[in-house]
Each structure stands twice: as structure tokens, then as C-alpha cells.
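Next come the chains, spelled out residue by residue.
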Protein chains: 4
Amino acid sequence: MRIASGNADLTVAASRAPQRARGRRRVADLMAAAAGLFVEKGFEATTMTEIAAQAGASIGSLYLFFPTKPLLAQALMAELADTLSTRLEALQALTSGQSAGAIADAVFDALAAFLADHPAYAALIDAPGDDSWKQAIRIRRRLQIGALFARAVPPLAPGQAEVLALVVPQLMRITLQTSEPQPLREAVLGELRKMLRHHLDWPLK
Amino acid sequence: MRIASGNADLTVAASRAPQRARGRRRVADLMAAAAGLFVEKGFEATTMTEIAAQAGASIGSLYLFFPTKPLLAQALMAELADTLSTRLEALQALTSGQSAGAIADAVFDALAAFLADHPAYAALIDAPGDDSWKQAIRIRRRLQIGALFARAVPPLAPGQAEVLALVVPQLMRITLQTSEPQPLREAVLGELRKMLRHHLDWPLK
Amino acid sequence: MRIASGNADLTVAASRAPQRARGRRRVADLMAAAAGLFVEKGFEATTMTEIAAQAGASIGSLYLFFPTKPLLAQALMAELADTLSTRLEALQALTSGQSAGAIADAVFDALAAFLADHPAYAALIDAPGDDSWKQAIRIRRRLQIGALFARAVPPLAPGQAEVLALVVPQLMRITLQTSEPQPLREAVLGELRKMLRHHLDWPLK
Amino acid sequence: MRIASGNADLTVAASRAPQRARGRRRVADLMAAAAGLFVEKGFEATTMTEIAAQAGASIGSLYLFFPTKPLLAQALMAELADTLSTRLEALQALTSGQSAGAIADAVFDALAAFLADHPAYAALIDAPGDDSWKQAIRIRRRLQIGALFARAVPPLAPGQAEVLALVVPQLMRITLQTSEPQPLREAVLGELRKMLRHHLDWPLK
DNA sequence: CATGAATGAGTTTTCATTCAT
DNA sequence: GATGAATGAAAACTCATTCAT
């Protein structure tokens, strides 16, 4: 069931792996700086120079580890996708055999918490441009969530698990609409959560 | 260019007529080209030169009609927002006094049809950068949809119309995930529609 | 016999063709500047900024017509190769039916004159890097010179025309050794010319 | 090749012996890597990092032995020039008193063999940039070859030995045209050899 | 000696915008 | 109006060289 595997390669491919402790710290700092700026101004509007400066590094250092701007985004996303994958993996044991509604709540909360921690994930996965690595990340996520719903008791209608695996993460994107005031955003989030629950608990099938 | 002399202007007007028609066609072509490229590569990654080329015009022509790139986007969005506004307006009479569920279906379908026709709307409203005109468009949309739900019979709980006005358009963003195959996208759309309906028809406890 | 054809494409491919008189002059100036600098400091050591400055143009103008540095070199070479090709073409009528020695002298002189006029040709064709367009230029030249020798009377031994087509241009490269003082270079050139003549006029076959 | 200086540290010498052997191997590897890359892509286009990587060393190691890139090229050329010089020296005894034609053949073959073994020699001596050390190498070579021809019996016309000393090495550059297929290159080499011979054996009129 | 991270000046390249014709 | 040449500030990216470990 190791769906999460095979992506360490993605990270390695996108960035030159540092071999010393200092290098590893640098890479972490650079990624954090990039994540922050991508969220704040978007991928295109963020410059490599800014990222390096934000991380307290020289532009040369940045390019030492990340040979191009797209590869930096890819490396960052690979790491974030791994984190999310791990969190979803952890739900497997907890939700197996539960009702679809309960599973939905669990997934919903896990995603909400993850996106609150890592807003760069949403900023990058929604960015224009259909790179294959982005598609790969989406597919992995879909398979994982689909697997969670597939174990619902009572079982869902055939095919519905797959559709839910597509719908639920998309519902999450809504929390990102940063332009709305915070209380309104939470009201929306709550509404969506309830909506999903109602849908799955609908009395007569 | 005479200033105040009767029908000299008329003569000029007649000879100008085809030119104005040509100008309008030009503007339409440029906007269409911009819309297509914004959807394909995003606002930032699209260049003014590309837009002109795609429209079969020169870069000079493009700047003749749209003095800056943001203003081009804004003009495009203004037109699209008007179209959407008109369509929503048309729902007022049709849905007044209906159930919230029925209204939701109507709004849902109107939005889905509109976004299918004009994917640039979503591409631009979601682009990073918080211009005030973008906010204004969102607010207008929210007020319009809120007004629709406000007339539901039986009436919704206080405040829920506003939340729905926020949630429903966001649900629509999901249909944009162009990377998914068409049948899957429609399954998702149907699921969301049903979800919304279930939510609104939920038996009050 | 239109060996010289098919290369206008190369030029067009490498540079955006200017459409106005001013543009055409600009392109010529830029190419001349590039040619001069390539000869003086070599392809790699010449910067695009220098070329633009030398031509009295902005860096943007340079890139308007030549999208990359290698393509600038390619466009320049395509033009020079066309010039050379034309000159060799002109020898066809003059040398047909003459002795191999006489043909050799004619080719030798034509090449020497061409290289004196266009030292950039040698600088670029000898530069490292085996681009296919460079190979194409060499092949075209070889075929043209081979065709000249093929019409020698009395005829050369089979295959020798091809070998000479390879040897003679290479002999010319020697004149480029710019580090030697001018009189010495001319002595060398004369010696090579005589050497070639002796070789072809060698009494007993 | 004074890498480690003096002998003040004879005591340490013993314990250092294996290390020095390793050092010498390192230096040789680095030079070989540099030579290969210079031939393949030219001096300018080859980076120090590439050279180190190709030699399986770190960039730090490379700079430990060669303080700058030009000095690396110079050291490499010094070694190659010594090798060539030794080979030419060996011809002195063999060719003394022979005919100019025989001497030409001997020099020709020696140069051809040397360049086949060490293509980097030609790549570097032809590279743009007129460093004095390059000029020095050329002068040494010219003097050596001139000395060989000066001992021809019967003697050459005055000044011709010097011209030949310039011409013959240049003839050799032709063998470098690596883009041609091997058999053709050998045909060219043979033709040149014969040409030189004919020239020198030309019956005096 | 060895290593690999770090640097930053210098280069190539892009693109919104202006301007002469 | 229309066109396409022109601009230059700003961005991406390179690489010889230095330095801490």
C-alpha cells in the first residue's frame, strides 16, 4: 500500500542534494523563503533574487541547490506532497471501517490543518501550467483519499469514492480565498464541512 | 476636423463607420486572444506580444486599445462580469419564491454554463494580486447571489444566504480543473450539485 | 546545379527578418559588429552587450532580431556562406575544362580574397562545437569545390576531386594564424599556393 | 613541473611518499579530464567544475593544484609541448643530412602521431587569446623544425627552412577536423603528405 | 590535502512600454 | 489608426574563485 513512495526521486531530481549539515540547513531556509514568497506574491511574481535575500543567502547559493525557478517550485512541492501524504497515510488505521461521513470529516480536518500549515501547497498546485509533476502529485493524493473512502462502512456506491477523492480536496481550495475576512472564511469552511456531511449522511439512497 | 458644422460630421461619420466596425472587431479579437492565453498560461506568463500575435495584430495596435497589461485584464473581466451579472439578473424572476434547493440548482447551472463558456473569468479572478476591481466584481457577484437566496421560501436561517453566496461560486471553481478527463469532471459537477441540494434540503431537526 | 540554394532558410530561421528599411540596416550593423568582435576576441569571449554597443543599438534591439547568441552566429555564418557560395559558383564557367593546377589557383585565390574580406567566416567555422548548421556549410562548400575540380582536363584520378575539396579550404585556414607578422603570413600563403600547384602538376602520375 | 617545492622536508618525505604518488595521480587525472573537455567543447566553454567532476575530484582539489583556469591550460600545454619537443629532438640525429623531402616526411609523421595522441595540443594552441606562453611554444616549435630542415642535403634556398617550419605544423591542423569520417581524414592526410613531398622534390628549373 | 558550500560580478535573456514612420 | 522597430530596467542564470570545516 506504499502509495507515498517513489517521490523522494522527485525531490532529488529537482534539487542538488546537499551533503553537509550546513548545506541541508541552507536548503531548508531557501525552501522556506520560497514558500513564503510564493504564497505572498505568487510563483511568477516572486524573483529568485528575492528568495535568496529572504533566506539570507546569495543568488549563487540558491542556484547551487536549485538550478531553475521551476525546479525550485517542484522540489518544494515534492516535500509538501510528502508531508501531506504522510498525514493521509496516518488516517488509514483511524478511519478504516467508519462511516463515509466520519471519514469525510477526518479527511476534511486533515486537509484543513495541512493547508493552514503549508499555504504554499495550494498556491503552487493551483498555479497555471500543467507540469507532469503537478499532475503526479494530484493523482497520488486522489488515490490516497480514494483508498480512505473505499473502506467506509457501509460501503459507498461504486465509483463514488473516486469522485469524493476529487471533490474533497477541491472543497479545501476554497479556504484559500485570502481576500475574504477571517471570520467569513471560517463560516464558509464550516458550511462546506456540514454540506459534505449532509451529503454523505443523506437518509434514502 | 470642423468643430460645429452641421452635416460635415455626418459625412465623416459615414466614412468612419466601417473603420469603427473594424475597430470593434479588432478589440474583440484582441480580447479573445488574451482570454485564451490567460487561460492557457496564466496572466503573468502571457506576454503582450503573444496576445497581439495571436489576434493577428501588431503590438502597436494592442497598445492602441489597451494602455497597459493590467488594464487589458480589467477590461476583459469587466465584460465577462457584465455577462455573468446579466445571466444572474435573469434568474431573479424565475426563482423568486422557490425553495432554496431549487434556487441553488438554478444558480449552479447558470454558473456552470457561464464558466464553460468563459474560462478566462475563473483564470483571472483567481490570479494572484488583489486589485480593487477584482474585489468589486466578487462583491457584486456575492450580492447578486445573496439576493437570490434571500427570496427563498421557506426563508433560510439568518446569514445563510450570505454564506451560500460565497460558497456556491467557490464550488464552481472546481470545474476548472482542466487536467481531469471530461467524464470525470462531469461526475464531479453532478456530485457537487447533489451535495448542495442535500445540504439545503436537510430535514431540520 | 543550384548547390547554393536552400540556405536562405537558415538565415530566416536564425534571425527574425526585419520588415522595414530601418530594421534591415540595423540587422546589417549588428551583424557587422558581431563579425568584428568574433574575430577580435572569439565567439565565447564576445558578449551580447558589447555587440549591441558596438552597433550603436540597445541590447533589446539585438535580441529583437537575434533571439540567442548562437543563432546570431548562425545567421552571420549563413550570410557569409552564401557570399562564398556565390563566388565559387562564379568560378564554374571560368574554370571548366582547365587544368587541375589552374583550377586550384583560382579556388585558392577566391578563398584567400574571401577570407581577407570576411575573417569572421574562419573564426566561426573553426570555433569549437559541432552544430549541424556548421556541418551543413562545410558540406556545401566541399560539394561546390569538388564540382570545380571534377571538370578538370585532363581529369583527376577518381576520388581526388573530393579529397582536394577537403584539402584546399583547410590550407586556407593557415592564413588566419593572426599571431604571425603580416609579411611572414604572405610568404606562407605563397608557399602553400606553390605547393598545391606543384602537387597537381607533378609530371609522372 | 614544480608542484611541491624544495627538499627541506626529507624526513617527512618518506611518510608522504604514498600521498605524493596519490597527488601525482590526481594531477594527471585532472589534466586528462581538462584535455578531454577542452577538445570536446573548447577552452572557454569548459568549466572548472566540469573538469573536476570528470576527474572524479572536487572543485577544491582542482584549485589546490591549479590556481586559475588559464594556468591549468598553460600547465597542460607545457607538458604537451615538452612531449612534442622531445619527439622532434629525436628526429635530429635520424634526419641529419637527408633530403628535404625525407625530412618533411619524418616531421609530418611525427606531428601526425603526436596530434593523434594529444588533440588538446591543437585545441589549445588554436584557441583565441594571445598569451605569451602560447607564442613561446610556437616559436620553440618553429625553431626546432627549422633546425631540422636547415640540415637538409642538398640545402634549401635561404629562408625556405623557416617558411617550411611554419607551414608544416599548420598543415597538421587539418587532421583535426574531427567532424569528417575517419577514412576521409586519412585520405586527406595522405594527400597532404604527398603534396609536401612533391613540392620539395620539384625539379629545379 | 580534501571537500563542497558560498560568493557575486558578469552575462544572457525577457518584456512591458514608447516612438518614429 | 496601424505598424513594427527601439528601449532598458529587471529577471534568470553562470562560473571562476574563495573559504570554513
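Heads up: the structure comes first, above all this text.
Residues numbered from 1 in each chain as written. Chains lettered and ligands numbered in written order. Predicted model: local features only at pLDDT ≥ 70, side-chain atom pairs only at ≥ 80, totals over all residues. Heavy atoms only, no water.

Chemist: How should I be thinking about the overall build of chain A in this particular structure?
Modeler: Within chain A one finds ten helices and zero strands. Burial analysis of chain A (205 residues in total) assigns 49% to the buried set. Expressed as a percentage of contacts within chain A between residues at least 6 apart in sequence, the contacts between residues at least 24 apart total 71%. Only carbon and sulfur atoms are counted for the fraction: they give 58% of the accessible area of chain A, which is about 9,300 Å². (Helix = DSSP H or I, 4+ residues; strand = E, 2+ residues; numbered from the N terminus. Buried < 20%, exposed > 50% of the residue type's maximum accessible area, 1.4 Å probe, protein only. Contact = heavy atoms within 4.5 Å. Areas by Shrake-Rupley, 256 points an atom, 1.4 Å probe, with all protein chains shown as cover.)

Chemist: I keep staring at the interface of chain C and chain D and nothing clicks. Help me out?
Modeler: Quoted interface sizes are often the accessible area lost when the parts come together. Tallying the contact residues gives 35 residues for chain C and 36 residues for chain D. Scanning the region where chain C abuts chain D turns up zero salt bridges. The interface formed by chain C and chain D holds six residue pairs in polar contact (both at pLDDT 80 or more) in total. Contributions of two or more residues to the side of chain C that touches chain D are made by helix H8 (132-150), helix H9 (160-173) and helix H10 (182-200) of chain C. The element contributing the most residues to the side of chain C that touches chain D is H10 of chain C, with ten residues. (Salt bridge = Lys/Arg side-chain N within 4 Å of Asp/Glu carboxyl O. Polar contact = N/O pair within 3.5 Å; in protein donor to acceptor, adjacent residues only side chain to side chain.)

Chemist: Explain the relation of the copies chain C and chain D to me, please; I cannot follow it from the model alone.
Modeler: Each of the two chain copies goes to the other by way of a rotation about an axis and a shift along it. Mapping chain C onto chain D calls for a screw motion: a turn of 177 degrees about the axis and a shift of 0.1 Å along it, with 0.5 Å RMSD after fitting. Here the copies are linked by what is in effect a two-fold axis. Mapped onto chain D, 100% of the interface residues of chain C again fall at the interface, so both copies present the same surface. (Least-squares fit on C-alpha atoms with pLDDT ≥ 70 in both.)

Chemist: Is there a simple way to think about the protein's contact with DNA strand E in this case?
Modeler: Taken together, 37 residues lie near DNA strand E, and Arg-16 and Arg-20 of chain A, Met-48 and Tyr-63 of chain B together with Tyr-63 of chain C sit nearest. Restricting attention to atoms of DNA strand E within 4 Å of the protein, one finds that 69% of them are sugar or phosphate atoms. Interatomic distance of 2.3 Å between a side-chain N/O atom of Arg-16 of chain A and a phosphate oxygen of DNA strand E. Between DNA strand E and the protein, one listed contact pairs a phosphate oxygen with a side-chain N or O atom of Ser-61 of chain D at 2.9 Å. Those elements that provide at least two residues to the surface near DNA strand E are helix H2 (21-41) and helix H4 (59-65) of chain A, helix H3 (59-65) of chain B, helix H3 (48-54) and helix H4 (59-65) of chain C together with helix H1 (10-41) and helix H3 (59-65) of chain D. (Near = heavy atom within 4 Å.)

Chemist: What exactly am I supposed to notice about the pattern of salt bridges here?
Modeler: Oppositely charged side chains are able to pair whenever their charged atoms sit close together. Scanning all chains against the criterion turns up 32 salt bridges over all chains. Here Asp-82 of chain B and Arg-140 of chain B are joined by a salt bridge, their closest N and O atoms 3.1 Å apart. Of this pair, Asp-82 of chain B sits in helix H4 (residues 69-95) while Arg-140 of chain B sits in helix H7 (residues 132-150); the two residues are 58 residues apart in sequence, bridging distant segments of the chain. What makes Arg-140 of chain B partly exposed here is its relative accessible area of 33%. One salt bridge in this structure joins Arg-197 of chain B and Asp-201 of chain B, with 3.1 Å as the shortest N-O distance. Of this pair, Arg-197 of chain B and Asp-201 of chain B are both found in helix H9 (residues 182-201), four residues apart, which corresponds to roughly one turn of the helix. Given the relative accessible area of 34%, Asp-201 of chain B is considered partly exposed. Here the salt bridges share partners, and the residues they tie into one network are Asp-105, Asp-109, Arg-193, Arg-197 and Asp-201 of chain A.

Chemist: So what exactly am I meant to see when it comes to the environment of Ala-35 of chain A here?
Modeler: All names here are of chain A. On the secondary structure map, Ala-35 appears in helix H2. The spacing of Ala-35 and Ala-120 is 85 residues in sequence and 5.3 Å in space, taken between C-alpha atoms. Not counting the four nearest positions on each side in its chain, Ala-35 is found in contact with Leu-76 and Ala-120.

Chemist: Help me understand the interface of chain B and chain A, please; the structure alone is not making it clear to me.
Modeler: Residue-level contacts link 36 residues of chain B with 35 residues of chain A. Both faces considered, chain B and chain A share a buried interface measuring about 3,300 Å² in area, 65% of it formed by carbon and sulfur atoms. Across the chain B-chain A interface, the total number found is six residue pairs in polar contact (both at pLDDT 80 or more). At the level of elements, H7, helix H8 (160-173) and H9 of chain B are the ones that each hand at least two residues to the side of chain B that touches chain A. (Buried area = accessible area lost by both parts, 1.4 Å probe.)

Chemist: Help me understand helix H5 (residues 69-95) of chain A in this model?
Modeler: Between its first and last C-alpha atoms H5 of chain A spans 39 Å; for 27 residues at 1.5 Å apiece the expected length is 39 Å, and the two agree. Backbone nitrogen of Leu-71 of chain A and a side-chain oxygen of the N-cap are separated by 3.1 Å at the start of H5 of chain A; the cap is Thr-68 of chain A. (Expected span 1.5 Å × (residues − 1).)

Chemist: So what exactly am I meant to see when it comes to the protein's contact with DNA strand F here?
Modeler: Neighbouring DNA strand F are 34 residues; Tyr-63 of chain A, Arg-16 and Arg-20 of chain C together with Met-48 and Tyr-63 of chain D lie closest to it. Each atom of DNA strand F within 4 Å of the protein was classed as base or backbone; sugar and phosphate made up 69%. Take Arg-26 of chain C: an N or O atom from its side chain is 3.2 Å from a phosphate oxygen of DNA strand F. Contacts to DNA strand F include Ser-61 of chain C, whose side-chain N or O atom sits 3.1 Å from a phosphate oxygen. For the surface near DNA strand F, the elements supplying multiple residues, two or more each, are H4 of chain A, helix H1 (8-41) and H3 of chain B, helix H2 (21-41) and H4 of chain C together with H3 of chain D.

Chemist: Teacher, can you tell me more about the side chain of Thr-46 of chain B here?
Modeler: Residue and element names in this part refer to chain B. Here Thr-46 is to be found in the loop between H1 and helix H2 (48-54). Overall, the relative accessible area of 0% leaves Thr-46 in the buried class. A distance of 3.2 Å separates the side chain of Thr-46 from the backbone oxygen of Leu-37, its partner in a polar contact.

Chemist: Can you walk me through the packing of H9 of chain C against helix H9 (residues 182-200) of chain D in this structure?
Modeler: The axes of two packed helices give the description: the angle between them and the distance between them. Here H9 of chain C crosses H9 of chain D at 75 degrees, and the two axes come no closer than 10 Å. Taken as axis vectors, H9 of chain C and H9 of chain D run roughly perpendicular relative to one another. Of the residues in H9 of chain D, those touching H9 of chain C at Gln-160, Val-163, Leu-164, Leu-166, Val-167 and Leu-171 of chain C are Leu-184, Ala-187, Val-188, Glu-191, Leu-192 and Met-195 of chain D. Grouping the constituent residues of the contact of H9 of chain C with H9 of chain D by class yields ten nonpolar, one polar and one charged. (Axes fitted to C-alpha atoms, helices over the stretch in contact; angles between N-to-C directions. Parallel < 35°, antiparallel > 145°, perpendicular 65-115°, else oblique. Nonpolar A, V, L, I, M, F, W, Y, C, P; charged D, E, K, R; others polar.)

Chemist: Looking at this structure, I do not really get the environment of Phe-66 of chain C. What am I missing?
Modeler: Note that Phe-66 of chain C resides in the loop between H4 and helix H5 (69-95). Beyond its immediate stretch of four places on either side in the chain, Phe-66 of chain C contacts Ala-14, Ser-15, Val-27, Leu-30, Met-31, Met-48, Leu-72 and Ala-75 of chain C.

Chemist: Even after reading the chapter, I still don't get helix H5 (residues 100-117) of chain B, so can you show me in this structure?
Modeler: An α-helical segment advances 3.6 residues per turn. Residues three or four places apart therefore align on the same side. Residue and element names in this part refer to chain B. For H5, spanning 18 residues, the distance from its first C-alpha to its last is 26 Å, which sits close to the expected 26 Å at 1.5 Å a residue. For H5, the complete set of buried residues consists of Ala-100, Gly-101, Ile-103, Ala-104, Asp-105, Val-107, Phe-108, Ala-110, Leu-111, Ala-112, Phe-114 and Leu-115. Buried-residue contacts for H5 involve H4, helix H6 (119-125), H7, H8 and H9.

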